[in-house]
Each structure stands twice: as C-alpha cells, then as structure tokens.
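Below are the chains, spelled out letter by letter.
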Amino acid sequence: MSTTDLAPQDTNTTDRRSVDRQRVTFPRVVHMEWIKLRSLRSTTLTLAITVALLIGFGLLFSSVVGSGEGPDQEDFGDPTSITLGGVMLAALAIAVLGVLMSAGEYATGTIRATLAAVPSRLPVLWGKVVVFAAVSFVLMFVAALGAFLVGQSVLSSRSMDTAALSDPGVFRAVVGAAMYLTGAGLIGLAVGALLRNTAGAITLVVGALFVVPGLIQLLPSSWNETISPYLPSNAANALMTVQTESDSLSPGSGLAVFAVYIVVLLAGAAIVLKRRDA
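Throughout what follows, the structure given in this document is the object of discussion. Along each chain, residue indices are assigned from 1 in the same order as the chain's sequence is written. A pLDDT threshold of at least 70 governs which residues receive local features in this predicted model, and a stricter bar of 80 or more applies before side-chain atom pairs are shown or counted, although totals over entire chains, interfaces and linings include all residues. Based on all heavy atoms of the structure, the side-chain values leave hydrogens and waters out of the count.

1. Digging into the overall build of the protein
We count a stretch as a helix when DSSP gives it H or I for four or more residues in a row; a strand needs E for two or more, and each element gets its number in order from the N terminus. If you tally the helices and strands in the protein, you get 12 helices and 0 strands. Going from N to C terminus, the protein has its helices and strands arranged as α-α-α-α-α-α-α-α-α-α-α-α. Burial status across the protein gives 40% buried among its 278 residues. Relative accessibility decides the category of a residue: with a 1.4 Å probe and only protein chains considered, values under 20% of the type maximum give buried, values over 50% give exposed, and everything between is partly exposed.

Below, the structure written as structure tokens:
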C-alpha cells in the first residue's frame, strides 16, 4: 500500500482529534469558571474580606466577652458560638460574592460570550455551582477552624471556659459554619442568576438572610415560633449550635431545610437560564 493511500485516513484522524479538542465538556466548563473566579480581583478581595470578618470578629468576641462588670459567660453562649461569632457578617460578604459571580456577567454582557461557547447553557450554571461551592467550602472551613482555634486560645488565656474539637457537637459546628457560608454564597449565586440584576439580587439576599429573621420576631409569639426555625439563616444556624435550643430545629433538620432552599433556587435559576435570552 502506498503512502498516498494512507493520507486520507491520516487526515480524518487529525480532523477527529481537532474536533475532540474543541468539544465542550463539563470539565472544560468547570475549568473555564475556575479561570473566571481566580482571575477577578474583586473575587480575591471579597474572599479575603470574608475570612477577615470570620476570624477577626471571632477574635474580638473572644477578647471582650464577659469582661468588666456584667453578665456571666453563660449569657453569651457556649465557647464555640463565641469564637464563631463572625459567621453572620462573613455570610453577608460571601452572599454578595455569589451574586456577583452570576449577575455580574449579565451586567457586563460577558454572559453572551459564555453562552455562545456553551450553547446548552445549563453546564454554565452547574460549573459555577461546582467551582464556587468547592472553593468556598474549603476556604471557609479553614477560616472557621482558624477562628475557633484562635478564639479558644484567647478564652483560655483569660481563664474562661473553652471547648475542644473532640467535644460533642463542636467539630460539627465548625463544619456547619463552613456549610452555612457556602450555602449563603450559593443562594446569592442562584438569586443573581434569577434576577440578572446585581443591586436587586443583593437587596433580596440581604433581606431574606438578615432582615426578615428580625422582622419575624415582631410577630405574635405563636407565629414567630412556627415560622422562625424554618427561615434559611435560622435553619442553617442549627448546624453551628452545639447546644440545641428547644424552639430550634435539630442539626439534621436544619441542614435539610437549608438544602431545600438552595436546591429550589438553583432549579429556578436553571429554568430561567434555559428559557430566557441573555
């Protein structure tokens, strides 16, 4: 057989390899979203602020709780809750980051290029979810663990009661803090994809996670006790509580309720992404 007979086959093989290199696959979409996440200066800054809030306020609360003339330590909660006192403010920062990761592309118009590269659309959303969840959980777990260890060291230096990771419920509370922060970011990401408006999405997320729980407390006690445990922030708070209160959900139930909020919002974001033009 001559070399000229092999040429068409070699050409076809080369064409197939070229098509394989250009084919859109989910791992490639995930890699694309990872490049977007780490290449934006605002992302790095917001994550740094989140870590600083978590560790800084945990250190602050550990330094001032029970100082001077005032109530005993029991009125401030258990040692784990004290050192994780910065979680709520950190959740605000990471929820805003989630909104920016989705709605920000619509604001700048870069979403059109993204959807042109990935015509099936849904892998773009799932890629964002995978990248954001992985990066957030790892970083938030390290930050929560750091806040706990530093805070317990400060409490110990002040001869106050401390907790160890091996104590019942403590490690679960630290992991729960990372899960809550990751979930808050995913809620922001989903709402941003639903509304496609940065300011509106941030307002809605902040209101739902931080304002509504306070307003619910103004309702009659029977309504408050019925509704309050099932709000997203209160349900997630059950994950971070070592000593579960009688009027709150158990850690398992809190995780289930919080997960339902995330799943429903992401499902809505997927439907909107599939049906509406960019």
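2. Quick notes on the pattern of salt bridges
When a carboxyl oxygen of Asp or Glu lies within 4 Å of a side-chain nitrogen of Lys or Arg, that pair is called a salt bridge. The final tally for this structure, using the stated rule, is 4 salt bridges. Linking Glu105 and Lys128 is a salt bridge whose minimum nitrogen-to-oxygen distance equals 2.2 Å. With Glu105 in helix α5 (residues 87-108) and Lys128 in helix α7 (residues 122-157), this pair connects stretches of sequence that are 23 residues apart. Each member of the pair, Glu105 as well as Lys128, is classed as buried.

3. Comments concerning empty space enclosed by the protein
Site definitions follow a grid-based scheme: protein atoms alone, a 1 Å grid, a 1.4 Å probe that fits but cannot get out for cavities, and for pockets an open set with protein on both sides within 12 Å along at least five of seven lines, plus lining residues having an atom within 4 Å of a point. Grid points are joined across faces, edges and corners, and a volume is the space filled by probe spheres set on the points. Here the structure, examined in full by the defined rule, presents 1 cavity of 30 Å³ or more. Approximately 80 Å³ is the volume found for the largest cavity. Around the largest cavity, the lining residues are Ser102, Tyr106, Ile111, Val124, Leu125, Lys128, Ala193, Ala269 and Leu273. Broken down by secondary-structure element, the contributors of at least two residues to the lining of the largest cavity are α5, α7 and α12 (251-275). At 3 residues, the largest contribution of residues to the lining of the largest cavity is made by α7. Looking at the lining of the largest cavity residue by residue, the class counts come to 7 nonpolar, 1 polar and 1 charged. Residue polarity follows a fixed list, in which Ala, Val, Leu, Ile, Met, Phe, Trp, Tyr, Cys and Pro are nonpolar, Asp, Glu, Lys and Arg are charged, and the others, Gly among them, are polar.

4. As for the packing of aromatic side chains
Two aromatic rings, drawn from Phe, Tyr or Trp (for Trp, its six-membered ring), form a pair once their centres lie within 6.5 Å of each other, and the interplanar angle then sorts them: stacked below 30 degrees, edge-to-face above 60, tilted otherwise. Considering all chains together, one arrives at 4 aromatic pairs under this definition. Within the aromatic cluster, the residues linked to one another by ring pairs are Phe137, Phe141 and Phe171.

5. Brief notes about the side chain of Thr83
Tracing the sequence through the fold places Thr83 in helix α4 (residues 79-83). In the analysis that follows, any N or O atom pair within 3.5 Å is treated as a polar contact, provided that within protein one partner can donate a hydrogen and the other can accept it, and provided that, for residues neighboring in sequence, both atoms belong to side chains. Within the structure, the side chain of Thr83 is placed 3.4 Å from the side chain of Gln152, a separation counted as a polar contact. Apart from residues lying up to four places away in sequence, Thr83 is in contact with Gly58, Ser62, Ala147, Phe148, Gly151, Gln152 and Leu155. Contacts are assigned to residue pairs that have any heavy atoms within 4.5 Å of one another.

6. Examining the layout of surface pockets
Counted as a void, the largest pocket has a volume near 780 Å³. Lining the largest pocket are 25 residues, and of these Met88, Asn234, Asn237, Thr241 and Glu245 sit closest to its centre. Elements with a minimum of two residues in the lining of the largest pocket: α5, α9 (198-216), α10 (221-227) and α11 (232-240). For the lining of the largest pocket, the element with the highest residue contribution is α11, accounting for 4 residues. Reported here for the second largest pocket is a volume of approximately 280 Å³. Lining the second largest pocket we find 15 residues, and of these Lys36, Leu40, Leu100, Met101 and Glu105 sit closest to its centre. Elements supplying a minimum of two residues to the lining of the second largest pocket: α2 (26-39), α3 (41-64) and α5. Sort the elements by how many residues they give to the lining of the second largest pocket and α5 lands first, with 6 residues. Among the residues forming the lining of the second largest pocket, the class breakdown is 5 nonpolar, 6 polar and 4 charged.

7. Considerations on unusual backbone geometry
Most peptide bonds take the trans form, and the phi angle of most residues other than glycine is negative. Even without being glycine, Ser159 reaches a positive phi, approximately 60 degrees. By the secondary structure assignment, Ser159 is in the loop between α7 and α8 (170-195). What makes Ser159 exposed here is its relative accessible area of 72%. The backbone phi angle of Arg196 is positive, close to 60 degrees, even though this residue is not glycine. With respect to the secondary-structure elements, Arg196 resides in the loop between α8 and α9. Look at Arg196 and you get buried, because its relative accessible area is 13%.

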